[in-house]
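# Chains, contacts and geometry: an overview
Listed below are the residues making up each chain.
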Amino acid sequence: MTKAQVTSLSPRESCCNKGHGTNENNNGYVVSPANGCRKISAVEMMKKGAGGSLAIVVAPDGGWGWVVVFAAFYCNVVVDGIIYSFGMLMNDMVNTFHEPESKITIVGSLLNGFYLIAGPFVSALLNSVDFRSVTIIGSVISCIAFVSAAYVESLYQLMFCYGFIGGIGFSMIYVSAVLIPGFYFDKWRALATGIAVCGSGIGTFVLAPLNALLVENYGWRVTIMVQAGLALSCAAAGILFRPLKPTIVEVPTINPVVMEPKLPEDEPLLTKSITAERKMSLDSKHNAVKIGAPTAEEIYNHLSGRLTPEPRPTSISCHSLNTHNQYLKDKLSPDLPEKKLSAVSLRRPSVSAHLMDRDDRFFGGSLSRLPQYSSQVSSLNYAMSVTRIPAWNDAEEGDNEEPCSKNNSIRRNMKKYYKSAMHTLTTMLDFSILSSPSFFVLTCSGFLTLLGFFVPFMYISEKAISMGMDKNVAVWLVSTTGLTNTFGRVICGWISSYESIDPILVNNVSLTFGGLYTVLLPFLPYSVFSYYLYASLFGFSMACFASLRSTMIVELTGLELLTNAFGVLLMFQGVAAAVGSPFLGLFKDWTGTYDMSFYLSGIILTMSAVICYPLRRVKKWEDGRKLRRPNSV
C-alpha cells in the first residue's frame, strides 16, 4: 500500500490560488465563465479518487514551547495573584462605600466566579480564533474594566466593572495560559503545565503584600489602576503564543467507498452501516463525541480504503482502557526512514482540525497515564488518535453556486468561525453527562470545594488582625498560602505521574486535611506560629485539588468525554466560587467574628472529600450496570 507522506504546511502555502477557465483552483473550487465560482466539497473530490490530506497539529515538545510556557507562567502570576489577593482591598472598600464586608466580598467573588464560568465560552472562541488573539483581547478587556472600576462611585458599578467584566477578561487570559502548554507539549506536558500553573502560587505570594502596600499608601483605587497595568502586560506575553504550523498527512489516491447520506445534517462524518460501508456527511451540529465524530486516525484509514476497528465506547474509563492502536504504526511514524517529505497538492481534499478538536486538550497531567499515548510509537500517531474531525470544517453549507466575491468570502469565513465556536460550546455545555452517577458525585464535590475554597484567602489576614496580630505580619499569611500551594502543585504533579498512585484518593485525603485544618483554626490558641502553620498546610492541601482535576475526570469518564466533563465542571465551580465567600461572610456580620465562617468553610471542604471516598465503587457499579444493560434488552 502507498506510504503516507508527511510535511508541514505554512499559512502562506494554504492560501487560495484561483484557477483559470474551467479548471479547479487550489482550494477546491471550479471556476467557469458561465457558473462563476462553485465550491466542490471534499466528498465530491474523493468520489473522483483524489485521495486526501489531513492537517494535524503535532506538539514539538520543546523549542519555542519553553518560551510559551514561561509566558503562560507570567499570565497565571497576574491573573491568580490578583484574584487570590482581593482580601487586601476589602477593608479600604468598606470604608469607602460604608457597606458590610460580606457585601464587599461579592466584588471579588464575581471576579473568582466569572473567570471560571466564562471558561467554556472562551474555549469556544479559541476554536475559532487562536491563543494569541484571545489572550490579547482578554488583556485589553480586563485592563479597561479595572480602569473603569477605579472611577466608580457605586458598589454595584464596581461589581459590574471589576467583578463581571474583569472576570470575563481574566477568563480569556487564564484559559489560554492553562491550555497552551498542552498545545506545544506531549511528552513533557506534565512538566510544562506544572511550570505554567505554578504562576498561581507565585502570583499570590508576590501580589498579596504588594496590594496591601499600595492600599495602605495610596488606597484601593490606585491599587486597581496598578492591577489594570499588570493585566495589560499579559498582552505582551500573549504575543509570544505563536500558532503552530500543522503537519499534513497525505493519504493514497484511491477510490474509497463513499456514500452521501440522505440526511447529512443528522449523520456523523463516518459511521458503520449494515453493509460495512463508510458514510460521509457534510455537517454535524451535535456533540462530537456522542454522534461519533471520527478521529483523524479513522479518517485516514477510511481514505486509505481500510476498515477501522470498532470505535471504543466513550463511557470506558482510562483505568480500564486496554485497547492498543497498532494499525497506524507502520504508516504514520515520521521517524521511519522510508517516509517521504513532499509538498502537498492543494487540489486534494484537505480535512483539518481546530484547536479544541482534541480529546486531551484539557488534560494537564502526565500523558503516560493514558493508554492512548502509551500505545503509540510517535507524537504523530498519538495526535491522530485523539484529534477528532467534524465534517463542518471541510465542507460548505448552502448553495453550491456562489460568485467569487469578497462579501461571500467574508460570509463563508464568518459561518466557519461561528460553527467551530458552537461546536466546542455545545460539546462543553452538554449537561446530559450528569446522568453518569460517578461524574455527578465528582461535580457535587467540585461545587462544595469551590464553595468553601476562597474563604481563607478572603478572610485569613483580617481574622489574624482581629486576634491581635500586627498588620505588617498578617499581610504575609496569604503569601505563605500561595508559596506552599506552589510546592504542593509540583509534588502532586510528580507523584501523580506514577500509575500506582490513585489520583482520586490523593485528592480526597488532601481535601479532608484542608477542611479539618480550617475547622480547627478557631479552636487553636492564638499565636503567630499557629496561623502561619495553618496557612502553609492549607495552601499545600488545596494544591492537589487544582492539579488533579483533569486526571480525576479522565479516570471516571475516559479521555473521550474530558472536554464535555471539564466544561460542565467549570460552570458548577464558577457558580460556587461566586456565591461561596459572600454567603459564608454573612456569618461574620451576624456574629461579629470570623469563627463561624471558618467552621462552615472547613465542614464544606471536608464534605466535598467525604462524598468522593466511595467514588471508585460508584464507578465500578456504573460500569457493571452498562455491561448488563444490553443483555436485558
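All of these numbers come straight from a predicted model, not from anything done at the bench. (Residues numbered from 1 in each chain as written. Predicted model: local features only at pLDDT ≥ 70, side-chain atom pairs only at ≥ 80, totals over all residues. Heavy atoms only, no water.)

Here the focus is the overall build of the protein chain. In terms of regular secondary structure, the protein chain is built from 23 helices and seven strands. The long-range fraction of contacts in the protein chain, counting pairs at least 24 apart against all pairs at least 6 apart in sequence, stands at 82%. For the protein chain, the exposed area adds up to about 25,600 Å²; of that, 64% sits on carbon and sulfur atoms. (Helix = DSSP H or I, 4+ residues; strand = E, 2+ residues; numbered from the N terminus. Contact = heavy atoms within 4.5 Å. Areas by Shrake-Rupley, 256 points an atom, 1.4 Å probe, with all protein chains shown as cover.)

All right, on to the confidence of the model for the protein chain then. When pLDDT is averaged across the protein chain, the result is 75; 71% of the residues are at 70 or more. Residue range residues 255-291 is modelled with pLDDT below 50. Its contacts to residues more than four positions away, or to other chains, number 99 contacts. (pLDDT = per-residue confidence, 0-100.)

Before going further, it helps to spend a moment on the pattern of salt bridges. All chains considered together, the criterion is met by six salt bridges. Between K103 and E99 there is a salt bridge whose closest N-O contact spans 3.7 Å. When the shortest N-O distance is used, the salt bridge between R616 and D502 registers 3.0 Å. A residue pair is termed long-range when its members are at least 10 positions apart, and R616 in helix α23 (residues 615-632) and D502 in the loop between α18 (476-495) and α19 (503-520) qualify at 114 residues. (Salt bridge = Lys/Arg side-chain N within 4 Å of Asp/Glu carboxyl O.)

Notably, D61 is not glycine yet its phi reads approximately 55°, a positive angle. For D61, the position within the fold is in the loop between β4 (52-56) and α2 (65-84). Phi is positive for H98, which is not a glycine, with a value near 55°. Relative to the assigned elements, H98 resides in the loop between α3 (87-97) and α4 (101-117).

Further remarks concern the packing of α3 against helix α8 (residues 189-218). Interaxial distance between α3 and α8 falls to 8 Å at its minimum, and their mutual angle equals 20°. The angle between the axes of α3 and α8 places the two elements in the roughly parallel class. Residues M88, L89 and D92 of α3 form the contact with α8, whose participating residues are A208, N211, A212 and V215. Among the residues making up the contact of α3 with α8, the classes are represented as five nonpolar, one polar and one charged. (Axes fitted to C-alpha atoms, helices over the stretch in contact; angles between N-to-C directions. Parallel < 35°, antiparallel > 145°, perpendicular 65-115°, else oblique. Nonpolar A, V, L, I, M, F, W, Y, C, P; charged D, E, K, R; others polar.)

Here N76 lies in helix α2. Setting aside chain neighbours within four positions, we find N76 in contact with G81, Y174, A177, V178, A196, V197, G199 and S200.

Now for α19. A turn of α-helix holds 3.6 residues, and therefore any two residues three or four places apart point the same way. For α19, built from 18 residues, the straight-helix expectation of 26 Å at 1.5 Å per residue is met to within 8% by its first-to-last C-alpha distance of 26 Å. Burial in α19 covers these residues: P503, I504, V506, N507, N508, S510, L511, T512, G514, G515, T518 and V519. Its side-chain oxygen at 3.1 Å from the backbone nitrogen of I504, D502 defines the N-terminal cap of α19. (Expected span 1.5 Å × (residues − 1). Buried < 20%, exposed > 50% of the residue type's maximum accessible area, 1.4 Å probe, protein only. Polar contact = N/O pair within 3.5 Å; in protein donor to acceptor, adjacent residues only side chain to side chain.)

All right, on to the nonpolar core then. Grouped together as the largest cluster of nonpolar side chains are 130 residues, with contacts concentrated most on M93, F146, L158, Y162, F170, I224 and L477. Broken down by element, this core gets its largest block of residues, 15 residues, from helix α7 (residues 155-184). Apart from residues no more than four positions distant in its own chain, Y162 is found in contact with I82, F86, V107, L111, A145, F146, A149, G167, I224 and Q227. Formed by ten residues, the second largest nonpolar core is a distinct cluster that contains I56, L380, A383 and M384. (Core = buried A, V, L, I, M, F, W, Y, C linked by side-chain atoms within 4.5 Å.)

What follows deals with the packing of α3 against helix α16 (residues 455-466). Viewed as axis vectors pointing N to C, α3 and α16 meet at an angle of 65°, and their least axial separation amounts to 8 Å. The hand of the α3/α16 crossing is right-handed. Within the contact between the two elements, α3 uses G87, M88, M90 and N91 and α16 uses M458, Y459, S461 and E462. Residues of the contact of α3 with α16, tallied by class, amount to four nonpolar, three polar and one charged. (Left-handed = near helix turned anticlockwise from the far one by under 90°.)

Another point: the environment of G169. For G169, the location among the structural elements is in helix α7. The buried category is assigned to G169, whose relative accessible area is 0%. Spatially, the C-alpha atom of G169 lies 7.6 Å from that of I137, the residues being 32 residues apart in sequence. Other than its neighbours up to four places away in sequence, G169 contacts G138, I141 and S142.

On to the state of the cysteines, then. All told, the structure shown has zero disulfides when counted by the stated rule. Between C75, a cysteine without a disulfide, and C234, which holds the nearest cysteine sulfur, the sulfur-to-sulfur distance is 4.3 Å. Exposure remark for C75: the relative accessible area of 0% places this residue in the buried category. (Disulfide = S-S within 2.5 Å.)

Turning our attention to helix α22 (residues 595-610). An ideal rise of 1.5 Å per residue puts 22 Å on 16 residues; α22 measures up with 22 Å between its terminal C-alpha atoms. Residues S597, F598, Y599, S601, G602, I604, L605, T606, S608 and A609 constitute the buried set of α22. Looking at the buried positions of α22, the neighbouring elements they touch are α15 (437-453), α16, α19, α20 (528-557) and α21 (562-591).

It is worth spelling out the environment of Y373 at this point. Assignment of secondary structure puts Y373 in helix α12 (residues 371-374). Distance in space between the C-alpha atoms of Y373 and V386 is 9.0 Å, their sequence separation being 13 residues. The residues touching Y373, leaving out its near neighbours within four places in the chain, are D186, K187, L367, S368 and Y382.

Here the focus is the side chain of D430. Relative to the helices and strands, D430 is located in the loop between α14 (406-428) and α15. Overall, D430 belongs to the buried group, its relative accessible area being 15%. Among the polar contacts made by the side chain of D430, one reaches the side chain of S432 at a distance of 2.7 Å.

Attention now goes to the environment of V122. Turning to its location among the elements, V122 is positioned in helix α5 (residues 119-128). Separated by 53 residues in sequence, V122 and V175 have C-alpha atoms that sit 7.1 Å apart. With residues near it in sequence (within four places) discarded, V122 still touches V134, S171, M172 and V175.

Summed over all chains, the structure comprises 28 aromatic pairs. Relative to F566, the ring of F362 lies with its centre 4.8 Å away and its plane at 20°, an arrangement referred to as stacked. A residue pair is termed long-range when its members are at least 10 positions apart, and F362 in the loop between β6 (350-352) and α12 and F566 in helix α21 qualify at 204 residues. The two residues F362 and F566 agree in class, both being buried. In this structure an aromatic cluster arises from ring pairing among Y84, F453, F454, F457, Y534, F538 and F598. Its guanidinium or amino end placed over the ring of W64, R242 lies 4.3 Å from that ring's centre, counting from NZ or CZ. (Phe/Tyr/Trp six-rings, centres within 6.5 Å; stacked < 30°, edge-to-face > 60°. Lys NZ or Arg CZ within 6 Å of the ring centre and 35° of its normal.)

Turning next to a nonpolar patch on the surface. On the surface, a cluster of nonpolar side chains totalling about 620 Å² of accessible area is made up of F487, V490, I491, W494, Y498 and F540. In terms of residue count, α18 provides more of the nonpolar patch than any other element does, four residues in total. As for its placement among the helices and strands, Y498 is situated in the loop between α18 and α19. (Patch = residues over 30% accessible without salt bridge, like charges linked within 9 Å, V, L, I, M, F, W, Y side chains within 5 Å.)

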